[in-house]
Amino acid sequence: MPTDSVDRGDAAEAMGYPDRVGFKPTNPYLAVFRPFIPAGALLRELTPLPLIVGTLLGIIFGASSLYLVLKVGLTVSASIPVAVISITLFRLLSKVGLRDATILENNVVQTAGSAGESIAFGLGVTMPAIMILGFDLELTRVMLVAVLGGLLGILMMIPLRRALIVNQHGLLKYPEGTACAEVLKAGASRESLDAAHTDEASARVADEATTGGKIIFAGFGVGFLYYGLQRVFKLWNEEPTKEFGAPFERASVAIENNPALLGVGYIIGPRISSIMFAGGVLSYLVLIPMIHYFGAALAGPLAPETSKLIGAMSVGEIQQKYVLYIGAGAVAAGGIISLLRSLPIIWHGLKGGLADLRGSRDATSRDAPRTDRDLSMKFVIGGIIAIVITIMLFRALNMNLLGALLIVAFGFLFVTVSSRLTGEVGSSSNPISGMTVATLLLTCLAFLLLGWTTPPYFVTALSVGAIVCIASSNGGTTSQDLKTGFLVGATPKAQQIAILVGALASALLLGPMLLQLNQGSTVYMPVAGNADFRFAEGFRAPAAEFEQSGGGAKRERARFHGDEREYMVWHNTNAAQGPAGRYLVDEQGAPVYLVDPGINGVYKKTADGTSVDKFNAPKATLMSYIIKGILSRELPWGLVLLGVFIAVVLELSGVNSLAFAVGVYLPISASAPIFVGGAVRWLVDRYTRRKFAAREYTEEQLVAEGDKSSGVLMASGYIAGAALAGVLYAFLNVKEEIRTWLGGWEEWATENNPLFAGDYASLWAMIPFIVLAVVLYAVGREWLLAARRPPLDER
């Protein structure tokens, strides 16, 4: 916040109230506040090119966020990377004769570009649970949830703007929004600086963001090429693994060769990454070998497994059959504990938000200053009513009146809470998952009391939770964007239009991307001759359980080499008939293929041995277990309760149980690169502390320096580049001709590439990953591609 000393009359004029000399805000911070661009200044803002650029960047970062949330249940903020890319792109265009963007146009870019990340989080946290519950991931359903949730969150945030962003200025910090405003001011064009109040520091660091943009582009290129070449040409082992023998059988360690996960670890920092990795250590070096040790001598299968002996199970099978439920129980308990811990803050946020809303005046009048104009309340209320009607009309959501009312009630409640908490603790600490858990718990309990416990109501409950999750997530993102706009002097109405456009575009495209990521890694596993499938001899699936479409049984072609026939679709939810899952059955009802999904699927290789990239979607699993646990009570509660009390033990020990629980649930190969990224950040942070030791910075100032450092920009590039390569690979993998071509490269690498296959492949494959980590450390230390930023007290 600028701390220029100005009198109250100057503050009134700077904020857009020249007729109110003597205007005295009750908030002392407002008394001295002046936006970077005064309300009376007229600069280009909501113009076509910035809106298009922001929307496209939002789709790109939304795709990378969707990939990450499916992989490890985490996303990272897109606003600052998008702002830096925008400044760099328009600065480069200005050098070839085009017009540089104003600070307000760059703000429109970051506003439109930030919507994709929050929608991706909501989709990835909730919608894959549809498949775990035994239903298809239908395109119409996914797109409706994304569009309705995204727009609802923005519309519900608009009337809260004056209450939370303006009246609470200086009291609610909105750390990411404030940091993004600093980036925009640092990269302001000459036209913008001329329109702003005199600010020598801004002029001195005007080229800083351009250097930061080069770092992000470099990281993007490295991440994209590294992961893309690895996935396509199998240049090195994608998952170096070491499995131990006697006396420590079935213990193992592994690390995924993925720049995106390395970047995530760097950004979330050493503490959370270490706690996550500790959960993986418990799973793979304690629980799995312990289950094998005690179960290897059993003469029969141990529930919930019904056919295979523990002694014959691999590490992956023990993880899927037993540890997965323990991890899910820990995640559920961690989420609920996180919610309970947040209840006082949530209650405080709700009371404060509603009180501020009652005290705020309408800001839609044309007479209002430019910096205080919102979209009309008629538009907001009409939009919300239209969304509710749409929710009721579309059968894909299986929604009833109670469900629609719950969406409105929980939506407004948690958008208000999310927007206020984002201001207090930041987006990264905002318990969106906890709010979603609370929504699902309350919705399922209401359904249970009404006797609505049949499978179709599973979809209804999940649709309520998904729309509320996306709305609350997007509400928090919108509040950060509006805070950025408030600080730089943007027009709220222009920002609101920009984020509505960005959210709509991202929602329309992220739904198909989610389906494509799932389909690209789906495996059609033949049932005949496979020991994993033990159906009774002569078994035929009941015709009443076939999936219906167009008045008859739905038919689908198997994506299996040489098979052009169409089959009927059967969802088996009764383990007594055979392994649960989605099957393709022939005309007589005999199961021919198991359709193993790309998200939460079991088989990582096709029948011909080609590798596929599976997604674990840990938080979606949590959502499905809450619904199944309450409405159908079909869970192996013994294993789930073990996970619950692991979380309790951690909380009693003062450890963040949710981060640990996610590590227990995920493969250790996913948490290991995150841990390495956290370790690199720890080394860089030690350097940062030494660098600023003489300035006696507070902990918050040191964190601010680290969060805007070159290393964070490089890590953001790693994430965006590698995630986009993963998304493109999943799209390409759907075509049989391309899959065959990729399989040929895998065969060649298996026979000829010692970094991919062989006795020492896992060891050799660590070399490129270590190089990747060293480059990240060198950029963080400002040895490479340095964006040398003046310290905070010199800006």
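Residues numbered from 1 in each chain as written. Predicted model: local features only at pLDDT ≥ 70, side-chain atom pairs only at ≥ 80, totals over all residues. Heavy atoms only, no water.

Per the secondary structure count, the protein chain includes 29 helices and 9 strands. Out of the 795 residues belonging to the protein chain, those deemed buried represent 59%. Long-range contacts, defined here as pairs at least 24 residues apart, represent 79% of the contacts in the protein chain between residues at least 6 apart. About 31200 Å² of surface is accessible on the protein chain, with carbon and sulfur atoms providing 63% of the total. (Helix = DSSP H or I, 4+ residues; strand = E, 2+ residues; numbered from the N terminus. Buried < 20%, exposed > 50% of the residue type's maximum accessible area, 1.4 Å probe, protein only. Contact = heavy atoms within 4.5 Å. Areas by Shrake-Rupley, 256 points an atom, 1.4 Å probe, with all protein chains shown as cover.)

Moving on, we get to the confidence of the model for the protein chain. Per-chain confidence: the protein chain averages 81 in pLDDT, with 85% of residues scoring 70 or above. The least confident element of the protein chain, judged by mean pLDDT, is helix H1 (residues 8–14) at 41; the most confident is strand E2 (residues 252–254) at 96. Low pLDDT (under 50) marks residues 1–25, which in the prediction has 45 contacts with non-local residues, meaning those over four places away or in another chain. Long-range and interchain partners of residues 198–207, a stretch whose pLDDT sits below 50, account for 18 contacts in this model, where long-range means more than four residues apart. (pLDDT = per-residue confidence, 0-100.)

It is worth spelling out helix H14 (residues 270–295) at this point. Between the first and last C-alpha of H14 there are 36 Å, a value that for 26 residues agrees with the 38 Å anticipated at 1.5 Å per step. Within H14, the axis deviates most sharply at serine 283, by approximately 30°. (Expected span 1.5 Å × (residues − 1). Bend = angle between axes of the 7 residues up to and from the residue.)

Moving on to the packing of helix H3 (residues 48–72) against helix H5 (residues 103–126). Where H3 meets H5, the closest approach of the two axes is 7 Å, and the angle between their N-to-C directions is 25°. By the angle between their directions, the pair H3 and H5 is classed as roughly parallel. Classified by chirality, the crossing of H5 by H3 is right-handed. Between H3 and H5, the contacting residues are Pro50, Leu51, Val53, Gly54, Thr55, Leu57, Gly58, Gly62, Ser65, Leu66, Val69 and Leu70 on the first element and Glu105, Val108, Val109, Ala112, Gly113, Gly116, Glu117, Ala120, Phe121, Leu123, Gly124 and Val125 on the second. By residue class, the composition of the contact of H3 with H5 is 14 nonpolar, 8 polar and 2 charged. (Axes fitted to C-alpha atoms, helices over the stretch in contact; angles between N-to-C directions. Parallel < 35°, antiparallel > 145°, perpendicular 65-115°, else oblique. Left-handed = near helix turned anticlockwise from the far one by under 90°. Nonpolar A, V, L, I, M, F, W, Y, C, P; charged D, E, K, R; others polar.)

By the definition in use, this model includes 21 aromatic pairs. Judged by centre distance (6.2 Å) and plane angle (80°), the ring pair of phenylalanine 233 and tryptophan 741 falls under edge-to-face. One end of the pair, phenylalanine 233, is in helix H12 (residues 208–233); the other, tryptophan 741, is in helix H27 (residues 736–752), with 508 residues separating them in the sequence. A relative accessible area of 26% means that phenylalanine 233 is categorised as partly exposed. A relative accessible area of 46% means that tryptophan 741 is categorised as partly exposed. Arranged with centres 6.2 Å apart and planes meeting at 50°, the rings of phenylalanine 535 and tryptophan 570 form a pair that is tilted. Of this pair, phenylalanine 535 sits in the loop between strand E3 (523–526) and strand E4 (548–549) while tryptophan 570 sits in strand E7 (residues 566–572), placing them 35 residues apart in sequence. The residues phenylalanine 535 and tryptophan 570 share a single accessibility class, namely buried. Through successive ring pairs, a cluster of aromatic residues spans Phe233, Trp741, Trp745 and Trp748. Lysine 71 extends its terminal NZ or CZ atom over the ring of phenylalanine 615, reaching a point 5.9 Å from the ring centre. (Phe/Tyr/Trp six-rings, centres within 6.5 Å; stacked < 30°, edge-to-face > 60°. Lys NZ or Arg CZ within 6 Å of the ring centre and 35° of its normal.)

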